[in-house]
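# Observations on the model geometry
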Amino acid sequence: MMPLDKLQDKVDEVIEVFPWYKELIGRENTNYNLQNLPLLTSEILETYYYTQSLDPALAVYRTSGTSTGRRKAIFYSEEDDKHYIDIKTKLFGELIAGSGCTRALADMGTGHAANTSLSVFERLGLEGSSIPFELPIEQHIERLQAFKPDLLYTMPSILDHIVYAAGDPRVFGIRKIILVGEIATLEWQRNMARLFGLDLRDITDTYGSIEMGTIAYYSHDHGRYIFVDGIVAEGIGTHALGEELRPLGKDESVLVLTSNVRKMLPALRFVTYDVVRDFRPVMINGVAKQSFEAIVKRVGRELKHGEKISLYDIEQVVYRHIEDAIIRVKVRNNALTVYIKSKSAVNSTIPAIREEIRECIPEIGMMIRNHLLDDIEVIIVAKGEPLDSGKVKNKKLYYQKDKDRVERNIHGGILSAIGNTPLIKLGNLFQNNGFEVYAKMELLNPGGSAKDRPALRMIEKAWKEGIIGPGTTVIESSSGNMAISLAMICKYLGMRLISVVDPRTTETNLQILKALNAKIDYVADPDPETGEFLPARLKRVQQLLAEIPDSYWPNQYANVNNYLSHYHTTMKEIVTKLGQVDYLFCSVSTCGTIRGLAEYARDHGLKTKIVAVDAEGSAIFGGNKGRRRFPGLGAGIVPPFCRTDLIDRIVYVSDSDIVKGCRALSQNESILAGASSGGVIAAVKQMEQELTPGSVCAVILHDKGERYLDTVYSDSWIQSQFGGELSAEGGDVLA
């Protein structure tokens, strides 16, 4: 780890160059342990770094782009470039020592590595040359034949094409190959060594990025990647990133880097999103060096199934069977396809390759069983037919989307009205209380509830990944609001919704669903083991998924996009409008809303106290299960999204409290809101004496009251359910 004094100096340097980093730390006096500093995620960089205006005299390099098509600007100072070249020169000198190399060719592109390669060659006393990757492969071969380099500095994907196009790669006379760029599996390196007539040690894979420069190199002596001087590395789990990322496999971690020498990037705990295997220190010449066995894949919101599919493992399998293969792996809709271009491949190898991929990547088999992927297809590309990648340089996991799915505007029409709901002061209901209460009017979303936000985000993510599209049948278990939101979205996008409901679903909600062409699947009996309807509904969802082709389950109970929708929109809107939020009251059911709100408050250093409003008879926080009259508040199980560590206070409300709260809103604020909103108002009333004078409180009014006209707002229903306990006329309903 970095010494404390050096870390202090590094933090001060970053703050001097990037003042926004001080706000990111969130306090004046920081205990400067590396783990106490924030992770520099892609979201933070997109917010603060990629959009900034820096000195035009700085060198700027741009990434090749993401799935969004946007290229990101990375800045380098003269000092950064000097350190970059120093590190690379030292490393390259060690790698070619005693080889007799006198000429070096850089064949990789137009980025930072290519631009500085000739300077590195010159400092090593080598005659240097370079060729851009955009040129046809024939010109790459011609340059190799004419220049006859001893050292070839290139990318694995480019070397693939050179090998395929060359008659015999040995004729080039290359002595050393140094690689940079995409994954270079050990099996692939062995094949290349055989094809070029080299010892395996003559091929070295280096690992770097445009943001951080040279990071590590593969040591054949140790069978591992060793970090270069100036880099401090950490391995973290996906849970630490707070994004919609699935857990990693055994011995896998996301690589996080800190650089002692990088200045024009805030290189403190930079998240690479590269997944490494077996991250640990090793002893080299008596000195402990950080290392890892292999880079196996990347994770990230832009990479979809890449969170599970390891290109590294797929390539290891293919190269065991076909040494001159050029590989492209694509995910389209629910299909994983491995395309192989080779002069030696035969179709008889396909079954073995397919089976070994299943065996070496258990996650793929699981995804196939769960209908996230169809079975694997392995295709030998016919001679003369190109791979779909187009350019020589391109080696990654590809995701294709159907054209009509992309062109349909998922944020158009009625969907454009989701979010940015009003925030209003409840000045009548809580006047003269010594604190202020503001209501986030989620009931004004076009679907009538806060569920519009997670419904849209869940559908949007699946749509963009090509998992769903026009004609897909979406199946979800919902007591009402989520189903209505999904029905509205599915109808607009040309999909069908099947909503699995139970007897507690109101007739009004059923009528709304039918009006939006949703199909109702009714579960009449609760689960025999638990006595709850939710397990029975979920079991029915699985049955329907197995029966209906091209069906999809958003799974609101475990889909991280549920709570991320509120993380990225709802809480941000509240804080932007109010500035100070001392207490936030939110009802709980799936716990998606409250988790998104609470994680935003925690991650942004807010002092907001999070108050969870739960129903009596709910089991979410360990209470005893009992009868609950109103759906959408409370649950008979502990939902996967429940995070008690993010909650400061739990307030339980009875069914009668809920009715009183709803009627108080309608009579005092002219707001006709649903049951969970009434529960939230009742919770504020319960805590009235605890709220600090001058406090600013925010409450989430979750859904519309029209859906409760036959219950909460029906005098006859109240009389039948509560008798004399509640006054049908209302009166002082919160007294």
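Everything quoted here is computed from the prediction, not taken from an experiment.

## Section: the sheet that holds strand 10 (residues 231–236)
- Taken in spatial order, the four strands of this open sheet run 10-11-12-15, and their pairing is antiparallel. Across the chains shown, the open sheet's two edge strands, defined by having one partner strand only, are strand 10 and strand 15 (294–298). Ignoring which end each strand starts from, the neighbouring axes of this sheet average 45 degrees apart.
- For strand 10 and strand 11 (residues 252–259), the ladder comprises six bridges, and the chain directions are antiparallel.

## Points about the packing of aromatic side chains
- In this structure the tally under the stated criterion is 17 aromatic pairs.
- If you follow R595 out to its NZ or CZ, it ends over the ring of Y563, 4.2 Å from the centre.
- Residue placement shows R629 over the ring face of F722; its charged tip is 4.4 Å from the ring centre.

## Considerations on helix 14 (residues 481–493)
- A rise of 1.5 Å per residue sets the reference length of helix 14, with its 13 residues, at 18 Å; its end C-alpha atoms lie 19 Å apart and thus fit the reference within 8%.
- Of all 13 residues in helix 14, 11 are buried; the element is thus mostly enclosed.
- All buried positions along helix 14 are accounted for by N481, M482, A483, I484, S485, L486, A487, M488, I489, C490 and L493.
- On its buried face, helix 14 sits against helix 13 (452–464), strand 22 (473–477), strand 23 (496–501) and helix 15 (507–515).
- Following helix 14 by one or two positions, G494 has its phi on the positive side, about 80 degrees.

## Some remarks on the pattern of salt bridges
- Per the counting criterion, the structure on display carries 31 salt bridges.
- K90 is the salt-bridge partner of E94, the closest N and O atoms lying 3.0 Å from each other. With E94 and K90 both in helix 4 (residues 78–96) and four residues apart, the pair spans about one turn of that helix.
- Among the residues examined, E94 registers a relative accessible area of 48% and is labelled partly exposed.

## Focus on the sheet that holds strand 25 (residues 551–552)
- Strand order in the open sheet formed by four strands is 24-23-22-25, and the pairing between neighbours is parallel. Unpaired on one side and paired on the other, strand 24 (519–522) and strand 25 mark the two borders of the sheet.
- Both strand 22 and strand 25 contribute to a ladder of two bridges, which runs parallel. Directly across from T473, in strand 25, lies its bridge partner S551.
- Of the strands in this sheet, strand 22 and strand 23 are in contact with helix 14, which crosses strand 23 at around 170 degrees.

## Topic: the environment of G636
- One can find G636 in the loop between strand 27 (609–615) and strand 28 (649–653).
- Setting aside residues no more than four positions away along its own chain, G636 makes contact with E532, A619, K625 and R628.

## Here's the deal with the environment of L39
- Structurally, the position occupied by L39 is in the loop between helix 2 (20–25) and helix 3 (42–49).
- On the accessibility criterion, L39 (14% relative accessible area) is buried.
- Taking the C-alpha atoms as reference points, L39 and A240, 201 residues apart in sequence, are found 8.6 Å from one another.
- Ignoring any residue separated from it by four or fewer positions in sequence, one finds L39 in contact with I44, I236, A240, L241, V256, R269 and V271.

## Considerations on helix 21 (residues 715–722)
- Residues of helix 21 that are buried include every one of W717, I718 and F722, and no others. On an axial view of helix 21, the arc spanned by its buried residues comes to 100 degrees, and they lie on one face. Projecting away from the buried face of helix 21 at angles above 90 degrees are the exposed residues S716 and S720.
- Looking at the packing, one finds that the buried side of helix 21 touches helix 19 (655–669).
- Two residues or fewer after helix 21 comes G723, characterised by a positive phi angle close to 60 degrees.

## Some points on the pairing of strand 6 (residues 176–179)
- Where burial is concerned, the two faces of strand 6 agree: the one with K176 and I178 and the one with I177 and L179 are both buried.
- Following the backbone out of strand 5 (residues 151–154), through helix 7 (residues 156–165) and into the adjacent parallel strand 6, one traces a crossover that is right-handed.
- As paired strands, strand 6 and strand 7 (residues 203–209) are joined by three bridges and run parallel to one another. Following the sheet pairing, I177 is matched in strand 7 by I203.

## Details of the side chain of K176
- For K176, the position within the fold is in strand 6.
- Judged by its relative accessible area of 13%, K176 is buried.

## Overview of unusual backbone geometry
- Its identity is not glycine, yet N555 carries a phi of approximately 55 degrees, on the positive side.
- Phi at C591 takes a positive value of approximately 75 degrees, unusual for a residue other than glycine.
- Secondary-structure assignment places C591 in the loop between strand 26 (583–587) and helix 18 (592–603).
- On the basis of relative accessibility, which here comes to 4%, the residue C591 falls in the buried class.

Cut-off values and rules
- Residues numbered from 1 in each chain as written.
- Predicted model: local features only at pLDDT ≥ 70, side-chain atom pairs only at ≥ 80, totals over all residues.
- Heavy atoms only, no water.
- Pairing = 2+ DSSP bridges.
- Helix = DSSP H or I, 4+ residues; strand = E, 2+ residues; numbered from the N terminus.
- Axes fitted to C-alpha atoms, helices over the stretch in contact; angles between N-to-C directions.
- Phe/Tyr/Trp six-rings, centres within 6.5 Å; stacked < 30°, edge-to-face > 60°.
- Lys NZ or Arg CZ within 6 Å of the ring centre and 35° of its normal.
- Expected span 1.5 Å × (residues − 1).
- Buried < 20%, exposed > 50% of the residue type's maximum accessible area, 1.4 Å probe, protein only.
- Contact = heavy atoms within 4.5 Å.
- Salt bridge = Lys/Arg side-chain N within 4 Å of Asp/Glu carboxyl O.
- Arc of directions from axis to C-beta.
- Right-handed = clockwise from strand over helix to strand, strands pointing away.

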